[in-house]
Every structure is written in structure tokens, then in C-alpha cells.
Amino acid sequence: MIYQTYPSVPHSFVYELNKDFSFAAAHYIPREKAGVCSQLHGHTYVVNLTIAGDELDDCGFLVNFKTIKKLVHDRFDHTVLNEDEWFDHHESARLPSTEIVARMIGELVQDYLNTLPNGARCLQVFLRETPSSYVVYKPKQGDSR
Ligand SMILES: Nc1nc2c(c(=O)[nH]1)N=C([C@H](O)[C@H](O)COP(=O)(O)OP(=O)(O)OP(=O)(O)O)CN2
Ligand SMILES: [Zn+2]
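Remember, it's a predicted structure, so these values are computed and weren't measured experimentally. (Residues numbered from 1 in each chain as written. Chains lettered and ligands numbered in written order. Predicted model: local features only at pLDDT ≥ 70, side-chain atom pairs only at ≥ 80, totals over all residues.)

Caption draft 1: Representation of helix 2 (residues 98–113) within the structure. With 16 residues, helix 2 ought to run about 22 Å at 1.5 Å a step, and its terminal C-alpha atoms sit 22 Å apart, in line with that. Every buried residue belonging to helix 2 is among Ile100, Val101, Ala102, Met104, Ile105, Gly106, Val109 and Leu113, and all of these are buried. (Helix = DSSP H or I, 4+ residues; strand = E, 2+ residues; numbered from the N terminus. Expected span 1.5 Å × (residues − 1). Buried ≥ 20, exposed ≤ 12 C-beta atoms within 10 Å, placed from the backbone.)

Caption draft 2: A look at the nonpolar core. Counting 26 residues, the largest nonpolar core has Val47, Ile51, Ile105, Val125 and Leu127 as its most contacted members. Of all the secondary-structure elements, those providing two or more residues to this core are strand 2 (41–53), helix 1 (65–76), helix 2 and strand 4 (121–130). Looking at this core element by element, the count peaks at seven residues for helix 2. Dropping the residues within four chain positions of it, Ile51 is found in contact with Leu17, Leu62, Val63, Leu113, Ala120, Arg121, Cys122 and Leu123. (Core = buried A, V, L, I, M, F, W, Y, C linked by C-beta atoms within 7 Å. Contact = placed C-beta atoms within 7 Å.)

Caption draft 3: A look at the pairing of strand 4. Most of strand 4 sits out of view: nine of its 10 residues are buried. Taken together, the seven bridges between strand 2 and strand 4 define a ladder with antiparallel strand orientation. What sits directly across from Val47, in strand 4, is Leu127. Connecting strand 4 to the next strand, strand 5 (residues 133–137), in antiparallel fashion are two residues. (Pairing = 2+ DSSP bridges.)

Here is the structure:
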């Protein structure tokens with residue numbers, strides 16, 4: 001169970017949903033400048049997703065909590081992030097840093113939300129990599145991909 005408070009996102013949608021979950025994964029940053037992080041190591045990543053919208057579906061859901069957890073958890077849990085097809089060692093914008101993993105998760109979730117008819121938006125991804133390090137990713141307003 002994860003109980004933590006997260007930064008709030010200002011918005012004018014009627015409903016806001018938050019989902020917490022974690023996944024275990026290994027990664028490395030294939031750059032000499034990254035120091036010890038250039039060696040393969042693992043984390044228990046902790047995620048909080050903030051999704052908002054005005055319309056509920058016929059279950060009374062903005063989006064199913066279980067579906068959005070599964071989307072991210074099943075893709076990354078017990079994997080080496082660098083081996084995921086999305087990441088690319090040749091492009092700095094596609095390395096598995098906390099910042100970029102948070103953005104990738106945000107894009108993955110928004111791409112799923114875009115398949116639903118209710119116009120829900122992923123407003124924030126909070127991603128904790130270690131007890132002392134986390135990133136907050138907020139897509140630019142109006143960027144629904
Ligand atoms: N801006 C970023 N800096 C660092 C990242 C990152 O993704 N973005 N990643 C790392 C390492 O991968 C490492 O996993 C985390 O480093 P750090 O915060 O130093 O972890 P510690 O638990 O050792 O922190 P302490 O506060 O020293 O205990 C490095 N930098
Ligand atoms: Zn790391």
C-alpha cells in the first residue's frame with residue numbers, strides 16, 4: 001500500500017483521479033558522465049498518475065484504475081528498461097533517466113486515454129526512483145498528442 005501526498009495540478013476539470021502503484025525494474029544510463037548510474041542497477045519505482053476529465057463512462061469511471069495500472073506495470077515490471085523498444089541509446093531524449101521514463105509513462109497513458117470517448121487527460125506523472133529522488137512530469141497544456 002502506498003500513502004503519500006503529491007503535488008497538486010491546477011485544472012478546471014470536474015473529476016480528478018489519482019492512481020498509485022510501483023514496479024521493479026533495472027536500468028543504466030549509457031553515458032560516461034552518468035558515473036555509477038552507467039552500470040546496470042535496479043529500483044522499485046513508485047508511480048502516481050493524475051488523470052482528469054469532465055465525462056464518466058457507463059461504469060461511472062473516468063478511467064478504470066486497474067487498466068491504467070496494468071498498462072504501465074505490465075510493460076515495465078521485472079524488466080530492464082533499456083531493453084524496451086521505446087528507449088534508444090543513440091538518442092539522449094530516449095534514455096531511461098527518471099525524467100524520460102516519467103515522460104514516456106505520460107505519453108503511454110495519454111495514448112490509451114485517446115482511445116476512449118470521454119476526453120480524459122493525463123495531467124501529471126510523479127515518478128520516484130529512490131527514497132530521495134523523484135521527478136514530476138506535466139505535459140504542456142493543450143498537448144494531448
Ligand atoms: N536528473 C537525474 N539525475 C540522476 C538520475 C536521473 O534519472 N535523473 N539517476 C541517477 C541514478 O540512476 C540513481 O538511480 C539515482 O541516484 P541518487 O539520487 O544519487 O540515488 P541515491 O539513493 O544514491 O541518493 P542519496 O541521496 O545519495 O542516498 C543519478 N542521477
Ligand atoms: Zn537508477
